[in-house]
Amino acid sequence: MSKKFYITTAIDYTNSSPHLGHLYEKICADCIARWHRLLGEDVFFLTGTDEHGQKVENAALKLGKKTKQFVDSIVEEFKKLCKVYNISNDYFIRTTDPQHEEFCKEIFKKVYDKGEIYKGEYSGYYCTGCERFYTDKELINGECPVHKRKVEWVNEESYFFKMSKYQDRILKFLEENKDFIIPEFRRKEIINRVKQGLKDLSISRTSFKWGIPLPIDDKHVIYVWFDALLNYLSALKGREKNWPADIHVIGKDILWFHAVIWPSILMAAGYELPKKIFVHGFINVKGEKLSKTAGIIVDPFILAEKYPVDAIRYFLLREIPSGEDGNFSEDDLKSRLNNELANDLGNLVRRIVAMINKYFDGVVEGEIDEDLIKKSDIFDKVNKEMLNLHLNKALEIIWGFVKECNVYINDKAPWKIGKSLGFSKFNEKRSFSSKEKDKEKLASILVTAAEALRRICIYLEPFIPSSVEKIRKQFGFKKEMFADLDKVVKSVKVGKAEILFKKAE
RNA sequence: AGCGGGGUGGGGCAGUCUGGAGUGCCCGGAGGGCCCAUAACCCUCAGGUCAGAGGUUCAAAUCCUCUCCCCGCUACCA
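Residues numbered from 1 in each chain as written. Chains lettered and ligands numbered in written order. Predicted model: local features only at pLDDT ≥ 70, side-chain atom pairs only at ≥ 80, totals over all residues.

## With respect to the protein's contact with RNA strand B
Okay, so step 1: Taken together, 51 residues form the shell around RNA strand B, and within it Tyr-13, Asn-343, Gly-346, Asn-347 and Arg-351 come nearest.
Okay, so step 2: For the surface near RNA strand B, the secondary-structure elements that each account for two or more residues are helix H2 (54-62), strand E6 (132-134), helix H6 (184-195), strand E9 (201-202), helix H7 (224-229), helix H12 (330-360), helix H15 (391-412) and helix H16 (414-423).
Okay, so step 3: For the surface near RNA strand B, the element with the most residues is H12, which contributes 11 residues.
Okay, so step 4: Grouping the amino acids of the surface near RNA strand B by side-chain chemistry returns 19 nonpolar, 15 polar and 17 charged. (Near = placed C-beta within 6 Å. Helix = DSSP H or I, 4+ residues; strand = E, 2+ residues; numbered from the N terminus. Nonpolar A, V, L, I, M, F, W, Y, C, P; charged D, E, K, R; others polar.)

Take a look at the structure:
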C-alpha cells in the first residue's frame, strides 16, 4: 500500500470574492499535491470555505441578502476558481456542511467534558465602528486608531479554552520539530511570541448568530477559528486514516492560528499534530499590498481570460520565491510567458515536431543519444527542492534542462543532415550508404529530443498540467509518473505541429 | 518600542545557515552564429568597492559588532 499524503490549503473566508492571494495558495498546494501523486503516493488534497462569523453576516446584510444565500454565491466563485485554474483538489469542504457542524460540536463537547473549557467573561475596549476589540496598547490616547473615537469598555460572557495550559507543550514541540514550519524564520517568530506567554482563548460569541451553536449553551456560537480549523479533520469523515495532515499550506497572516491555536486544540482533543505548515508570503503589485480600498486588485477570473491559465500558474510558481512575498505585474507575466513558455519550451516542442514531420513524415525510430539524456537526470535535485517546498527552485532546475535541449538541437544541427538527405538541392551526389548513415544519425537526434521532452513532461506536469497534456497529445505520450522517467522510448509518432503558447502583446 | 525580513552588475532575484576566485537565474544592452522553429534557438562580451564602518580569519556577500535606509508582524475581525 502506498504512502498517504494529506495536504490542505487554508479554507477561504466567504466575505468577499477570490483574489490573487487565494489563487496563489491554491496553485502552490496543487503543485505539491500533483508532485506527490507522481511519486506514487496516495494523495488527499483538501480545500474549501470558512463561512461563519460576524464579518460574513455583515457582508450579507450590506447586500441585503440572506446569509446562507450570500455565502452560497461566494462559494460558487471559489469552486469556479479551482476549476478554471485546474486545481486538483479531491474534496471541497464548507464549514456550513451539516457534517462539519456536527463534528465541531462533538469536538467542542469532548474538550469541554475534559475540563478544558470554562465559562468566563471577555472584557476589553470595543470600537463600534470597527466592531472589534482593542488591547490598550493598540489605542491611541484611549481612542480607536481607525475611527479616532472613544472606545467602550465591554464585558461579554464567553467560554474560554485553556490554551495557556498548553504553552510549555507547544513551545517544546516547536523547538523540537525544526521543520514543522517552513520557512524556518517563521518558526522563530512564533517561538518568540509563544515565549511571551499564552492566554486562554475566548472561543464563543454572543453578539451575533451566524455560527455553530455551542452544544452546551445555545446562546453562544463557536468562535470562527475554532470552527474553521476543525475543517481539516471534519473533512476526513470516512477516511480518518489520512490524519495527521502532511502539509497545511497557509498565508503568513494566519500562522499563529495554525502553529499555536490549532496544535493546542488538537492536544486537548487528543489528536496527533500536523507534520508541516508551509507558510507563503503575500503578493504585491508594484510594491503595494493588494488592497481593495486602495484599488489594487487583481481579479483571477479576468486574468484567466487574458492569459493562459498555465502561464499564470507558471508565473506565480516561478517568480515568487517560496515562503516570501513576491511581486505581480502583467509585464513580468508576459515576459515569462513569451520568453520562457513560448520561446524556450513552446518553440522547442514545435521545432522537434516540425522536423520529425518534415524528415520522417511524423514517424521516427532511432538510438538514444546519451549526451543529452544523461543531463535529464535531475530527479534527485528537483525532488529535494520540492520536498523542501522550494517550488521556484525546482522549476528553475527543470528549466535548465529545457534549455539544454535547445542547446542540443543547435549543436547537432539536424537540418544540416536533413539537407544532405535530399531536402535541398545541395549534396545530391552522396552515396547510398552514407545517406543511410546520415538518416540514422538524424533519427537518433530527433528521437533523443523527443525522449527528453517525454521526461520534461513528467517533471512539468505539476506546474503546467494542461500544457503538458498538449505536448503529450502531439507526441502520443501517455500520462506517466516519476517511476517512468528512466524507461527509454526509441520511437515516436507525432501529430501536426501546433503552437503551445501564443505570445501576449 | 519589541520581534522578524530585506538592502548583490541597468531592473528583478538566488547565493549567506554549513566562509574559499564575485558564482548563478530571468529581463534589458552590444556583437556574432544558425535558418529546424512562435523574428524563435545558440554563443560571446560589457556592466557589481555584494548598503556603510570596524572586527575575526591564510581567506568574508557569507561569521561577529555598530550605523544608515526600506518593509512586515505584535494574537482573540478573519
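Now that the structure has been shown, we can carry on.
## What to know about the nonpolar core
Okay, so step 1: Ranked by size, the top nonpolar core spans 140 residues in total, and within it Ile-7, Ile-352, Ile-356, Leu-446, Ala-449 and Leu-453 carry the most contacts.
Okay, so step 2: Examining the composition of this core, we find that 14 residues originate from one element, helix H17 (residues 432-460), more than from any other.
Okay, so step 3: Inspection of this core shows a minimum of three residues originating in each of domain 1 (4-116 + 162-300) and domain 2 (330-493).
Okay, so step 4: Excluding residues that lie within four positions of it along the chain, Leu-446 makes contacts with Ile-352, Met-355, Ile-356, Val-364 and Pro-414. (Core = buried A, V, L, I, M, F, W, Y, C linked by C-beta atoms within 7 Å. Buried ≥ 20, exposed ≤ 12 C-beta atoms within 10 Å, placed from the backbone. Domains from an automatic or database assignment. Contact = placed C-beta atoms within 7 Å.)

## Description of the domain arrangement of chain A
Okay, so step 1: On domain assignment, one finds that chain A holds domain 1 (4-116 + 162-300) and domain 2 (330-493).
Okay, so step 2: Between the C-alpha centres of domain 1 and domain 2 the distance comes to 42 Å.
Okay, so step 3: Across the contact, 10 residues belong to domain 1 and 12 residues belong to domain 2.
Okay, so step 4: The greatest single-element share of the side of domain 1 that touches domain 2, amounting to 5 residues, is contributed by helix H1 (residues 20-38).
Okay, so step 5: In the side of domain 1 that touches domain 2, the residues fall into 7 nonpolar, 2 polar and 1 charged.

## Brief notes about the sheet that holds strand E11 (residues 213-214)
Okay, so step 1: The 3 strands are arranged E10-E12-E11 in an open sheet whose pairing can be described as antiparallel. Each end of this open sheet is capped by a strand with a single partner; those strands are strand E10 (204-205) and E11.
Okay, so step 2: Relative to strand E12 (residues 217-222), E10 runs antiparallel, the two being bridged by 2 bridges. The partner of Ser-204 across the bridge, within E12, is Ile-222. (Pairing = 2+ DSSP bridges.)

## Regarding the environment of Asp-438
Okay, so step 1: Within the fold, Asp-438 resides in helix H17.
Okay, so step 2: Residues Asp-438 and Ser-420 lie 18 residues apart in sequence; the distance between their C-alpha atoms is 7.8 Å.
Okay, so step 3: Ignoring any residue separated from it by four or fewer positions in sequence, one finds Asp-438 in contact with Ile-417, Ser-420 and Leu-421.

## Brief notes about the environment of Ser-467
Okay, so step 1: Along the chain, Ser-467 turns up in helix H18 (residues 465-475).
Okay, so step 2: Look at Ser-467 and you get buried, because 24 C-beta atoms sit within 10 Å.
Okay, so step 3: For the pair Ser-467 and Ala-311, spaced 156 residues apart in sequence, the C-alpha separation works out to 9.3 Å.
Okay, so step 4: In this structure Ser-467 touches Asp-310 and Leu-500, once residues within four positions along its chain are discounted.

## Regarding unusual backbone geometry
Okay, so step 1: That bond from Trp-243 to Pro-244 is cis: its omega, 0°, falls within 30 degrees of zero.
Okay, so step 2: Of note, Pro-244 is situated in the loop between helix H8 (231-234) and strand E13 (247-251).
Okay, so step 3: Notably, Asn-86 is not glycine yet its phi reads approximately 65°, a positive angle.
Okay, so step 4: Along the chain, Asn-86 turns up in the loop between helix H3 (67-84) and strand E4 (91-94).
Okay, so step 5: Positioned with a positive phi, Ala-413 is a non-glycine residue whose angle comes to about 40°.
Okay, so step 6: Tracing the sequence through the fold places Ala-413 in the loop between H15 and H16.

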